[in-house]
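Close look at the chain arrangement
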Amino acid sequence: MKIIQLKNKFNPIAVIFYLLLVLFSCQTAKNQVENTSPNDILIPGHWQFAGHLGEYIDRISEQRILDKKNWDVIYPETEEAFRLREDDNNYPKNGQWRGEFWGKYLLSAIAAARYYHSDELNVRIADAVKGLLSTQEPNGYIGTYAHSDFVVGNTWNVWDQKYTLWGLVEAWELLGDDHILAAAKQFADHLITEVGPEAVDIVKTGNFYGMPSSSILYPMVKLYNSTGEKKYLEYAEYIVKQWSEHPAELPDILNKGLNGKPVHTWFPKTDPFEWAKSYEFTSCVEGLVELYKVTGNKQYFVAATNIHSVLVEWERTPVGSVSFNDKYVGSRGLINTLSEICDAVYWNRLSFKLFKQTGDEKYIDEIERTLYNSLLCSFNTEGNWGLRRLRMSHTHIPAQNHFLQHHQCCTDNLPRGLFQAAEAVLTTKNGDVCLSLFSEGEGDIVLPSGRKSHVKIEGDVLNNAGIRTILSLDQAEQFGFVIRIPKWSNQPIIKVNGIPQNGSISDRWMTINRTWKNGDVIEISFNLSVRWEAFDTTKSTTLFHKIDFYDNEWAKMKFAGGSNKVNNQRYGHVKSIPVNEALPHKPAVTFFYGPLALARDIRVTGADVFSTIEDTSLSKNISFRLIDSPLGIWKAFEINLGNEKSVRFCDFSSAGNTWDKLSLFNTWCILKK
Ligand SMILES: [Zn+2]
C-alpha cells in the first residue's frame with residue numbers, strides 16, 4: 001500500500017525501491033523454480049532388534065503396549081480425558097495437557113504395530129480411534145478443553161490438538177480407513193477457524209513463544225500429504241511465516257536457523273515460559289524438514305541442518321542427551337547435566353529426518369550415540385515406567401505421572417524413539433542396501449528387482465568378535481551392500497563367505513558390489529579400543545546464568561510425586577542432592593567403548609566413583625579388558641589408566657539403573673592436574 005502511494009507521486013526513490021522489489025521478487029521466483037521437491041534418498045526397510053537392545057524394547061513394549069491387560073489399564077484414561085474435558089478446569093487462568101496423551105500413546109502403539117507386524121494391535125488402534133472420534137463435536141472439535149477457544153495465555157490446548165491430529169493421520173496411514181482421514185480434516189478445519197490467518201495468531205497461543213502450538217507444523221504437513229488439499233499446506237506455510245513476523249518475541253526459527261547461530265543465543269530471556277523449551281523447538285525444526293520435502297524450498301532444509309549442527313556443538317552431551325532441564329541454554333558448557341527423555345527422543349527424530357534426506361554418516365552417528373546411551377537407560381529394568389530427567393552422575397530422576405494415573409510425556413514418547421531407531425538399521429539408497437547399525441536382529445529390505453531380502457545379524461558387536469550378517473534371497477541378484485564405517489572403529493575387516501573384501505569407501509561407507517546369493521555371509525570385525533571425549537570448559541562462558549544457578553537447579557531436582565500412589569511409594573526416595581556434590585567445572589573426560597559411553601558405578605567400581613584421574617595417564621596407551629558383569633549390568637570393563645592403576649567402568653545405560661543410591665554412578669572423570 002505504501003509503495004503505491006509513493007508511486008503515484010512519482011518519487012524517484014520509490015521507483016528505485018520498487019525496481020529492487022521487482023528484482024527481489026524475480027530472484028525469489030527463480031529460486032523457487034530451481035528448487036525441486038526433494039525425496040528422501042534413504043528408504044527404511046523393516047528391522048527388529050534382538051540381543052540386549054531387542055530385549056529392552058520387547059520388555060517396554062510388553063509392559064506399556066502389547067499386553068492386553070496392561071493396555072486395558074493404560075489406554076482408557078487417555079480417551080476418557082476427551083469426555084471429561086478437565087484440562088481447562090482453571091479457565092481462564094491456565095490450562096493443562098491431559099490431551100497430549102491419547103496422541104503420544106497411540107503414536108507409540110502405531111510404531112509398535114509396525115515393528116511387531118501385530119494385527120491385534122491394529123484392531124486395538126482402530127477401536128481407540130473409534131472411541132476418540134465418538135467425542136468429536138459436530139463442528140469438528142476434538143479436545144480435552146471445555147472451551148475450545150481457550151488458546152491464548154498459559155494453555156496447552158493447541159499443543160494437545162497437535163498430538164490428536166498427528167495420532168489420527170498416522171492411524172489413517174496404518175489402517176487406511178478413510179473415515180479417520182475425514183475426521184482429521186474436519187478436526188483441522190475447526191482448529192483453523194480458531195487459530196490461524198483469520199483468527200488468533202498461532203504464535204500468540206500457549207507458552208514458550210507459541211512454539212509448542214506451532215509444532216503442529218509437522219502433522220499439518222502430513223495432513224496435506226494425505227489429502228492433497230492445499231489449505232493444509234498453506235496453513236503450514238502460514239506457521240513458518242508467523243515465526244518470521246515476530247522476530248522480537250519469537251524464536252524466528254527459519255531466519256535465525258539460516259544464520260547458523262547457537263540456539264541458546266537466540267533467547268535473551270530466561271523468565272518462566274520464555275526459554276527455548278527443547279523438544280517443542282526440535283519438533284518445529286522437524287516440521288520444517290517435512291515442509292521442505294513438500295515445497296522444495298531449500299531454505300527450510302538449510303535452516304534445519306544448521307540448527308542440527310549447532311545443537312551438536314552446544315547442547316548435546318557425551319551420552320547423546322540434549323539440553324539442560326528441558327531448556328536449550330548452551331548445555332555443553334555444563335558438567336552437571338539434567339536432560340528430559342523427550343528431548344533425546346525428538347533429537348533422534350530430527351537426526352533421522354536429516355539422515356534419510358542426506359545419507360550423511362554424521363546423523364546416524366548421533367542416532368547411535370543417543371540410542372545406546374540415553375534411550376537405553378530411560379526405562380526401569382522391568383520396562384513399565386520411565387525417567388523424567390537423566391543425569392550423568394549420582395541418581396536419575398524417575399517420572400511422576402501427569403494428571404492421568406499411568407502417563408507422563410517421556411514414558412509415552414520413549415517407545416516411539418526406540419522403534420524409530422529400528423527404521424535406521426537397514427535402508428536402501430539408489431538400489432543399494434545400507435547397513436547403518438550393528439545390533440543383533442533381523443529384518444527385510446526391498447531389492448532393486450522388487451523382491452525382498454531377509455537380513456539377519458548374529459553376534460555381539462561389542463565383544464570384539466564382530467558380527468555375521470546373513471542374506472536370504474529368493475534368487476541371486478546384483479546390488480551394492482553398503483556398510484557404515486563408524487568413527488568408533490578403525491577400519492573394520494570385512495569378509496564375504498570368508499574372503500576379505502576391499503570395497504570402495506566413500507564418506508565412511510564401504511560398498512561391496514557383487515551378485516549376492518542366498519546364504520551369503522558378511523562378517524564384519526571391528527577394531528575397538530577405549531577412547532575419550534573432553535569436557536569443553538570454554539563453553540561455560542556463554543551461559544545465561546552463573547554456574548551456581550545451574551548447579552542449584554541440578555541439585556534440587558527430585559522425584560516430584562504425582563497422584564499415582566504406587567509410583568510415589570516406589571520412587572519417593574529419590575530426593576534432591578546437596579549442591580556441594582555437584583561436580584566442579586574442571587577439565588574432565590568421558591570414556592567410550594564403541595558407541596557406549598562408560599561410567600563408574602559403585603556396583604562395579606566399588607569405592608569412590610568420583611575420584612579424579614591422572615591427566616598424564618591419557619597420553620599413554622590405555623589398555624582395557626571386558627570383565628564379567630555383576631547382575632543388572634550389561635557390560636563391564638577394567639581400564640588400565642597407566643601407573644598400574646586400573647579402574648572399573650560399566651556402560652552408561654546400566655550405570656544408575658536401580659534409580660537409587662545402590663547404583664550411585666558418575667560418567668565424567670575429573671582430571672587431576
Ligand atoms: Zn518428557
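Note that the structure is predicted; figures quoted are calculated from it, not measured.

The rules behind the values
- Residues numbered from 1 in each chain as written.
- Predicted model: local features only at pLDDT ≥ 70, side-chain atom pairs only at ≥ 80, totals over all residues.
- Heavy atoms only, no water.
- Helix = DSSP H or I, 4+ residues; strand = E, 2+ residues; numbered from the N terminus.
- Expected span 1.5 Å × (residues − 1).
- Buried < 20%, exposed > 50% of the residue type's maximum accessible area, 1.4 Å probe, protein only.
- Salt bridge = Lys/Arg side-chain N within 4 Å of Asp/Glu carboxyl O.
- Pairing = 2+ DSSP bridges.
- Contact = heavy atoms within 4.5 Å.
- pLDDT = per-residue confidence, 0-100.

1. A short note on helix α14 (residues 278–295)
In an α-helix, one turn spans 3.6 residues, which is why side chains three or four residues apart end up on the same side. Between its first and last C-alpha, α14 extends 26 Å over 18 residues, near the 26 Å set by a 1.5 Å rise per residue. Buried residues dominate α14, accounting for 16 of its 18 residues. Where α14 ends, the next residue or the one after it, Gly296, has phi of about 75°, a positive value.

2. A word on the pattern of salt bridges
A complete count under the given rule lists 44 salt bridges for this structure. Notably, a salt bridge pairs Asp326 with Lys277, separated by 3.6 Å at the nearest N-O pair. On the criterion of sequence distance, the pair formed by Asp326 in the loop between α15 (298–314) and β3 (338–340) and Lys277 in the loop between α13 (253–259) and α14 is long-range, its members being 49 residues apart. As far as burial versus exposure is concerned, Asp326 and Lys277 are alike and both buried. For Glu614, the salt bridge is made with Lys672, and the minimal N-O distance between the two is 3.5 Å. Of this pair, Glu614 sits in strand β21 (residues 613–614) while Lys672 sits in strand β26 (residues 669–672); the two residues are 58 residues apart in sequence, bridging distant segments of the chain. For Lys672, a relative accessible area of 41% gives the class partly exposed. Salt bridges sharing common partners tie together Lys277, Glu280, Asp326, Lys327, Glu340, Arg389 and Glu553.

3. Concerning the sheet that holds strand β16 (residues 509–516)
Strand order in the open sheet made by the six strands is β1-β7-β8-β12-β16-β15, with mixed pairing throughout. Every other strand in the sheet has two partners, leaving β1 (43–44) and β15 (504–506) as the edge strands with one partner each.

4. Regarding the sheet that holds β3
One open sheet holds the three strands; their spatial order is β3-β4-β6, and the pairing between them is antiparallel. Since the sheet does not close on itself, it has two edges, and those belong to β3 and β6 (397–398), each with one partner. Strand direction decides the pairing type here: β3 and strand β4 (residues 387–391), joined by three bridges, are antiparallel. Paired with Glu340 across the bridge in β4 is Arg389.

5. Here's the deal with the pairing of strand β7 (residues 426–429)
Where β1 and β7 come together, two bridges link them in antiparallel fashion. Among the inter-strand pairings, Ile43 is bridged to a residue of β7, identified as Thr428. Here β7 pairs with strand β8 (residues 432–435) via four bridges, running antiparallel. Opposite Leu426, over in β8, you have Leu435 as the bridge partner. Joining the antiparallel neighbours β7 and β8 is a turn of two residues, in which Asn430 adopts a positive phi near 50°.

6. Some thoughts on the environment of His117
You can see His117 is positioned in the loop between α6 (100–116) and α7 (119–133). Given the relative accessible area of 56%, His117 is considered exposed. Residues contacting His117, with those up to four places away along its chain left out, are His46 and Ala112.

7. Some thoughts on the side chain of Ser323
One can find Ser323 in the loop between α15 and β3. Beyond its immediate sequence surroundings of up to four residues, Ser323 is in contact with Ser278, Glu315, Tyr328, Ser331, Leu338, Ser339 and Asp343.

8. Notes on the pairing of strand β9 (residues 441–446)
Side chains Gly441, Gly443 and Ile445 project from β9 onto a buried face, and the interleaved Glu442, Asp444 and Val446 project onto a face without burial. Pairing of strand β2 (residues 46–49) with β9 involves four bridges; the strand directions are antiparallel. Directly across from His46, in β9, lies its bridge partner Asp444. Two elements, β9 and strand β10 (residues 452–458), share six bridges in a ladder whose sense is antiparallel. Residue pairing in the sheet places Gly441 in a bridge with Ile457 of β10.

9. Regarding the confidence of the model for the protein chain
Counting all residues, the mean pLDDT for the protein chain is 92, and 92% of those residues have values of 70 or more. Every residue in residues 1–35 is under pLDDT 50, and counting partners more than four places away or in other chains gives ten contacts.

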